[in-house]
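A closer look at the structure
Take a look at the letters that make up each chain.
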Amino acid sequence: MYHIHYVIFFIFVAEFVRTRNKVSIGIISPYKAQVHEIQERVKKYMVSDPNFSINVRSVDGFQGGEEDLVIISTVRSNFGGKVGFLSNRQRTNVAITRARYALFCCFQVLLFWS
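Notes on the structure follow. (Residues numbered from 1 in each chain as written. Predicted model: local features only at pLDDT ≥ 70, side-chain atom pairs only at ≥ 80, totals over all residues. Heavy atoms only, no water.)

With respect to the environment of Q90
Under the convention used in this document: Comment: elements are numbered from the N terminus, with helices defined as DSSP H or I runs of at least four residues and strands as E runs of at least two.
In this fold, Q90 is placed in helix α3 (residues 89-96). Spatially, the C-alpha atoms of Q90 and D60 are 10.0 Å apart, while their sequence positions differ by 30 residues.

Put into structure tokens, the structure is as follows:
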């Protein structure tokens, strides 16, 4: 089964390949280790084209920036059931207002239901 954010991601990539219109994708995570891990994985799929970009940064790193498609990863497991950055309204606002056309949030469902 496909997750909808993967489908939309590939729609944006296919649109770029078809039209060669500029497409920018941003991936935001509040956790430094997760940013690093995502950057390493994304490197495999990077193409050298000035009209296509994927930027992986922390919430603070995206401040003032904007991308066509943004994926926010808040996936984290901890014993307290907390996603700490969500308690800071300014950082949450930065994270959710960086997308021009589409925003997807990936999170651990049980974390938000607890």
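Observations regarding the nonpolar core
For the record, the criterion: Buried residues of nine kinds, namely Ala, Val, Leu, Ile, Met, Phe, Trp, Tyr and Cys, make up a nonpolar core once their side-chain atoms join them within 4.5 Å. Categorising residues by exposure relies on relative accessible area from a 1.4 Å probe, with only protein chains included: less than 20% of the type maximum marks a residue as buried, more than 50% marks it as exposed, and the intermediate range marks it as partly exposed. Only heavy atoms matter for contacts: two residues are in contact if any of them lie within 4.5 Å across the pair.
Counting 14 residues, the largest nonpolar core has I25, I27, V42, I54 and V56 as its most contacted members. Listing elements by their share of this core, those giving two or more residues are β1 (23-29), α2 (32-42), β2 (52-58), β3 (67-73) and β4 (99-106). When near neighbours in sequence (up to four residues on either side) are disregarded, I27 contacts I38, V42, I54, N55, V56, R57, F62 and I71. Residues V59, I72, V94 and A95 belong to the second largest nonpolar core, which totals seven residues.

Focus: the packing of aromatic side chains
Basically, it comes down to this: Aromatic contacts are taken between Phe, Tyr and Trp rings whose centres are within 6.5 Å, Trp giving its six-membered ring; a plane angle under 30 degrees counts as stacked, one over 60 as edge-to-face, and the others as tilted. Two conditions define a charge sitting above a ring: the NZ of Lys or the CZ of Arg must be within 6 Å of the ring centre, and it must be within 35 degrees of the ring normal.
Scanning all chains against the criterion turns up zero aromatic pairs. Across from the ring centre of F62, 4.0 Å away, lies the NZ or CZ of R57, which sits over that ring.

Here's the deal with the pattern of salt bridges
Selection rule: We define a salt bridge as a side-chain nitrogen of Lys or Arg found within 4 Å of a carboxyl oxygen belonging to Asp or Glu.
Throughout the structure, instances matching the rule amount to five salt bridges. Put simply, R100 and E66 hold a salt bridge, and the shortest N to O gap is 3.0 Å. With R100 in strand β4 and E66 in the loop between β2 and β3, this residue pair connects regions lying 34 residues apart in the sequence. Ionic pairing is found between R100 and D68, a salt bridge with its closest N-O pair at 2.8 Å. Of this pair, R100 sits in strand β4 while D68 sits in strand β3, and the two are 32 residues apart along the sequence.

These values are about where atoms sit, not about what they do.
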